[in-house]
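Commentary on secondary and tertiary structure
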Amino acid sequence: MPAKTDLRQYARLRTKMDSVVIGALRYYLNAATPAEQQANFNYLDAEFQEIVDKVWGIGKKKITCPDGYHFCDGCCVPYDCIGE
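**Things to note about the environment of Y10**
- Within the fold, Y10 resides in helix α1 (residues 7–29).
- Spatially, the C-alpha atom of Y10 lies 27 Å from that of D73, the residues being 63 residues apart in sequence.

So, in structure tokens, the structure goes:
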């Protein structure tokens, strides 16, 4: 059984996730050159994958995502994988 949720911690995580989402998109989209945009993409992709691996327990192995989620490009997502 999961622990009781600390609402302050939950709100802090949501705030940080919201900031990361918009900040990452701005970081990627506001690059001055295609080369900088590619470098920014590579950085964000690698950093986010580390977090994805940790929170989903993916690591280097192929996993089965929980019911209702789909494995897509190294991630478990709640929608069909685009391009597959």
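**Considerations on helix α2 (residues 34–56)**
- Between its first and last C-alpha, α2 extends 32 Å over 23 residues, near the 33 Å set by a 1.5 Å rise per residue.
- For α2, the complete set of buried residues consists of N40, L44 and V52.
- Contacts from the buried residues of α2 go to α1 and β2 (75–77).
- Positioned one or two residues after α2, G57 has a phi angle of 70°, which is positive.

**Observations concerning the state of the cysteines**
- Scanning all chains against the criterion turns up 2 disulfides.
- Two residues, C65 and C76, share a disulfide whose sulfurs are 2.2 Å apart. In this structure the cystine formed by C65 and C76 twists about its S-S bond by roughly -85°; its chirality is therefore left-handed. Here C65 is found in the loop between α2 and β1 (70–72), whereas its partner C76 is found in strand β2, with 11 residues between them in sequence.
- You can call C65 buried: its relative accessible area is 12%.

**Notes on the packing of aromatic side chains**
- Per the stated rule, a full pass over the model turns up 3 aromatic pairs.
- When the ring of Y27 is compared with that of Y43, the centres are 6.2 Å apart and the planes differ by 65°; the resulting orientation is edge-to-face. You can see Y27 sitting in helix α1 and its partner Y43 sitting in helix α2, a full 16 residues away along the chain.
- Judged by relative accessible area, which is 46%, Y43 ranks as partly exposed.

Each value, and the rule that gives it
Residues numbered from 1 in each chain as written. Predicted model: local features only at pLDDT ≥ 70, side-chain atom pairs only at ≥ 80, totals over all residues. Heavy atoms only, no water. Helix = DSSP H or I, 4+ residues; strand = E, 2+ residues; numbered from the N terminus. Expected span 1.5 Å × (residues − 1). Buried < 20%, exposed > 50% of the residue type's maximum accessible area, 1.4 Å probe, protein only. Contact = heavy atoms within 4.5 Å. Disulfide = S-S within 2.5 Å. Phe/Tyr/Trp six-rings, centres within 6.5 Å; stacked < 30°, edge-to-face > 60°.

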